[in-house]
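# An overview of the molecular structure
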Protein chains: 2
Amino acid sequence: MRQVGIVGVGHTKFGRWDGSLIEMLGAAALEALDDAGIKPGKGHGVDQVLVASMGAGILNRQSSVASALVDTLSLQPAMAETVENGPASGASAVKLGYMAIASGMCDVVLVVGGELMRVVTGWEATDFVATMLHPEAEYIYGLTLPAFAGMFTRLYMEKYGVTEKDLAMVAVKNHEHAMHNPVAHIHLVPNFQAITEDEDAHVINPYVAEPLRVYDVCPVSDGAAALVLCAMDVADRFSKRPVRIAGIGQATDTHVVAEREVPTDLLAVRLAAERAYQMAGLGPQDIHVAELHDAFTILEIAISEEVGFFPKGEGHLAVRRGETKVGGKLPINTSGGLKAKGHPLGATGVSQIVELVRQLRGEAGGRQVERARNALAVNFGGFGNNVIATILTREDG
Amino acid sequence: MRQVGIVGVGHTKFGRWDGSLIEMLGAAALEALDDAGIKPGKGHGVDQVLVASMGAGILNRQSSVASALVDTLSLQPAMAETVENGPASGASAVKLGYMAIASGMCDVVLVVGGELMRVVTGWEATDFVATMLHPEAEYIYGLTLPAFAGMFTRLYMEKYGVTEKDLAMVAVKNHEHAMHNPVAHIHLVPNFQAITEDEDAHVINPYVAEPLRVYDVCPVSDGAAALVLCAMDVADRFSKRPVRIAGIGQATDTHVVAEREVPTDLLAVRLAAERAYQMAGLGPQDIHVAELHDAFTILEIAISEEVGFFPKGEGHLAVRRGETKVGGKLPINTSGGLKAKGHPLGATGVSQIVELVRQLRGEAGGRQVERARNALAVNFGGFGNNVIATILTREDG
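Thresholds, definitions, all that
- Residues numbered from 1 in each chain as written.
- Chains lettered and ligands numbered in written order.
- Predicted model: local features only at pLDDT ≥ 70, side-chain atom pairs only at ≥ 80, totals over all residues.
- Heavy atoms only, no water.
- Helix = DSSP H or I, 4+ residues; strand = E, 2+ residues; numbered from the N terminus.
- Buried < 20%, exposed > 50% of the residue type's maximum accessible area, 1.4 Å probe, protein only.
- Contact = heavy atoms within 4.5 Å.
- Areas by Shrake-Rupley, 256 points an atom, 1.4 Å probe, with all protein chains shown as cover.
- Pairing = 2+ DSSP bridges.
- Buried area = accessible area lost by both parts, 1.4 Å probe.
- Salt bridge = Lys/Arg side-chain N within 4 Å of Asp/Glu carboxyl O.
- Polar contact = N/O pair within 3.5 Å; in protein donor to acceptor, adjacent residues only side chain to side chain.
- Nonpolar A, V, L, I, M, F, W, Y, C, P; charged D, E, K, R; others polar.
- Expected span 1.5 Å × (residues − 1).

## Re the overall build of chain A
When helices and strands are tallied, chain A shows 13 helices and 11 strands. Overall, the C-alpha framework of chain A stretches about 60 × 45 × 40 Å when taken along its three principal axes. Put simply, chain A has 397 residues, and 67% of those count as buried. Taking as baseline every contact in chain A between residues at least 6 positions apart, the subset at least 24 positions apart corresponds to 77%. Carbon and sulfur atoms make up 51% of the accessible area of chain A, which amounts to about 12700 Å² in all.

## Concerning the pairing of strand β7 (residues 223-231) of chain B
Within a regular beta strand, the side chains point alternately toward one face of the sheet and then the other, so they alternate between its two faces. Residue and element names in this part refer to chain B. In terms of burial, β7 is largely enclosed, as 9 of its 9 residues are buried. Both faces of β7 are covered, namely the face carrying Gly223, Ala225, Leu227, Leu229 and Ala231 and the face carrying Ala224, Ala226, Val228 and Cys230. Sheet analysis places strand β1 (residues 4-11) next to β7, joined by 7 bridges and oriented antiparallel. If you follow Gly10 over to β7, its bridge partner there is Ala226. Sheet topology places strand β4 (residues 108-115) next to β7; 8 bridges connect them, and they run antiparallel. Looking at the pairing, Leu110 lines up with Val228 of β7.

## Some details on the interface of chain A and chain B
Taken together, the 60 residues of chain A in the interface contact 60 residues of chain B. Around 4500 Å² of area is buried between chain A and chain B when both sides are counted, 55% of it from carbon and sulfur atoms. For the pair chain A and chain B, the interface holds 4 salt bridges. With a closest N to O distance of 2.6 Å, Asp127(A) and Arg61(B) form a salt bridge. Where chain A packs against chain B, one counts 28 residue pairs in polar contact (both at pLDDT 80 or more). Of all the elements in the fold, those that place two or more residues in the side of chain A that touches chain B are α2 (65-72), β3 (79-84), α3 (89-102), α4 (122-129), β8 (243-252), α9 (267-280) and β11 (386-394) of chain A. Here the element with the most residues in the side of chain A that touches chain B is α3(A); it accounts for 7 residues. Looking at the side of chain A that touches chain B residue by residue, the classes come out as 28 nonpolar, 22 polar and 10 charged. Strand direction decides the pairing type here: β3(A) and strand β3 (residues 79-84) of chain B, joined by 3 bridges, are antiparallel. Counted as the bridge partner of Val83(A) is Val83(B) from β3(B).

## Considerations on helix α5 (residues 145-160) of chain A
All names here are of chain A. A rise of 1.5 Å per residue sets the reference length of α5, with its 16 residues, at 22 Å; its end C-alpha atoms lie 22 Å apart and thus fit the reference within 8%. Of all the positions in α5, only Leu145, Pro146, Phe148, Ala149, Gly150, Phe152, Thr153, Tyr156 and Met157 are classed as buried. Where α5 is buried, its residues contact α4, α6 (164-178), β5 (207-209), β6 (212-213) and α10 (297-306). Just downstream of α5 lies Gly161, where phi reads positive at about 80°.

Here it is in C-alpha cells:
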C-alpha cells in the first residue's frame, strides 16, 4: 500500500469564532497549506478536499460546505466532500483522505474539520449533540451524552474504585497542559482543592450529571483544524518533513449502549486500537504521546485502558502517579484535550492529529514531550459506537 | 491500482416512505446485500459502510446515521461514515467506497444513499435544496435551484435555439422510460400535445421558473438506493457477476455561478467526464447507455453535450431525432431519470449506478438497452459546482 504522510497543519484558536463557518474552515486550511508551502490558485496541486463537520446541516443550515471551501480557497478543480461521523468526523475525514492517497487516485489531500457550534448554548447544545444517539431507543427518552457519561462513570467507580478526585486530577492535568497551547479554548487552571475539597467546591464545580461535575465535561467551542496529507513519494515537494500515518483502525459497536454485554467496556476502542497497532507494526509500549477523546474525564481513563496503556480498571492509578502528565512516562492530552482545548465536534479528530504532528516535529513548546517518536490518537463517536485510532510516526533523519 | 466491481444492488420504490430514514436506508441496503448473497450478522465480511445523505441533519435532525445503519443491519464492527456533497452525495459515496477498496484497506464496501425529504414540501423543499448555494453571494438574495435552471435555460434557448418543446420531449421520453421501471416515483406519461400546444397547456403545465414548466422539473421524492462494492479479486465470493467500475472523474467549478466566464458551459461536467474516460481508457463513442442528472430537463441536454455525446449546442437535436430514447442510438435516463423516477438527493448518485448495473446485467426488463457494455453516470452537485462522472463496464463471459 502506498505510504501517506502529513506535511501541513493549521488550527484556529478554539473558543468563539465571530465569522462564518466557511471563513473559519478557510482560516485553518490556509494555515495548513502555508505550513506545507502550497500556494492556492493555479498549480496548487491539491487533488481532494475533505471537510469534517457534524453540525453544518443541523446547526448552520448549510450543505455542500466542501464545495464552498474549495471556491473560497481557489482550489478548483479539486474533488470535495463533507464527512460526518458525529464527534469522530475529523478522524473519519483523515482516514478517507488516507485511502484517497493510498489508492493512487490522489497525491495531495486537504482535510479540514470544524464546527461553528456556539450558535447554540445550554440545553440546545446538549440536544444537538444528542442527535448522534439512537433516535428511537435513546434520544426520545431524553438521554444525552452527559447522562450516558454520568452512568458510565458511576459503574466505573463501583467496579474499579475510581473516585471523583481521580477525575478532577485528569481535569487539572489537562488544564495545565492547555496553558502551554496557544490555540486552546480555556487558559485557566482550576485549583484541585478548590474544586474538590473546599466548602464551596459544590458551588464552583457543581454536578452536571452526577457523579460528573462541570470540570469533568468539555466546553462548547467553535473551532477548526486542518491537515495537508500527501503520498510519501511526493513529500519532497513540500516545505515540511512528513510525519507518516503508520496505522489507522476503526470499529463500530452497538449503536444502543444498553445492548452492550459489559457496559463498562469500550469494545470499539479496543478493536480500533488493535487494528491500528497491527497496521503500524507497533504496540501500546511503543507509543510516546497520545491524544485520547476526553469529552468527559472518565473517557480519558477508560480509553487509556482499552488501548492497552494500562490494565483494565487501573487507568486512574496511572493518573494518581502522574504518569500521564507532560514529564510523566506517557503524556496524554498534551494539547489540553477536549476538556481544556475544547471540542468543536467535527474539528476534534483533526485537531488531535495537529497536536501529535507538532509533538513529533518538536514544535510543541512548553508542552513538548521529549524524544516522542510514535503517537496515538483516539477519536470517539457516539457513546463509543464508532471509534477511530490513528498512529503517527516521525521519520528518521 | 486494485480493480473494483459491483456485486449487489438495492432500491426502494421512490415516492413517499412511511417509516424512518434508517428503516428506508436499511430496506435498500438489505436488498443489495441479498442480491450479493451476503447475510448480515457474524461473518458478513462488510468492511465499510458509506451513507450518502444531504438532508439527514437539516431535514431529519439526525447525525451518525451511518453508525445507526450498521447497528440496524448487524454489520458491526464495519467502519462507517456519512458523506455529503449536495445532490452529488451518492456518487461521492461510491467514489470514496472505490478508494477504500482500491487502497487495499477494504475488500467489501456497502454504499447506501437516501433522502427522507417529503417531510418538507413546496417552498420549504426548495429552500432546503437552496442550502447548497453560496450563502452570501446567492442564497441570501433568494436564489433557488429552479431560478438558476430557468436562467440557464433562457441563455441556452437564445444561444442554441432550444425550444420549450425540446424540453417537453425530454420530459415525455423520461416519463415513458419510467413506465418500465417499477421503482420510479411517477408512472404517468404526459401527452406531448396536452402539455405544450393545447389551449389549457399553461394550466396543466404552468411555469415554475420561466421558461421551465412543471414537467421540466423533478419531483420531491423519498427514496434510497444501495450498492455492494468489492475488490475484483474477491468477487467470486458473491452470487452475482461483478460489473466493473472502470473510471471515476470528479471536478469542482466556481461555487458562485455568476463568476463563470461562459454561463452556458458546465466545465466541471466536461472535466469530470474527461477524467473518467481517461481512467477507463474509453471515449464518449464507447458508451451505450447513460444516466445524466436531469433535475431539470435542460440539464439532460447540456450534460449530454459536455460529456461529448453531441457537439455543444446540438443535444436538443439528438432529442428531436429520438436518439436518446430506449431503442435509439444512445439511450439516456432509461430509469426515468430524476424527472420521472424521482430525485431523493442523497439517493440519486447511487440510484443512477443501480440502473446502469441492471442495464449491464440485462435485468432492465421493458427498458433494456440491447448489447449495452459500457455505461456512464453523471451526478451533478450545486448548480454544476461539484460533478462526478462514473463509467461502468460489463466484464466478458
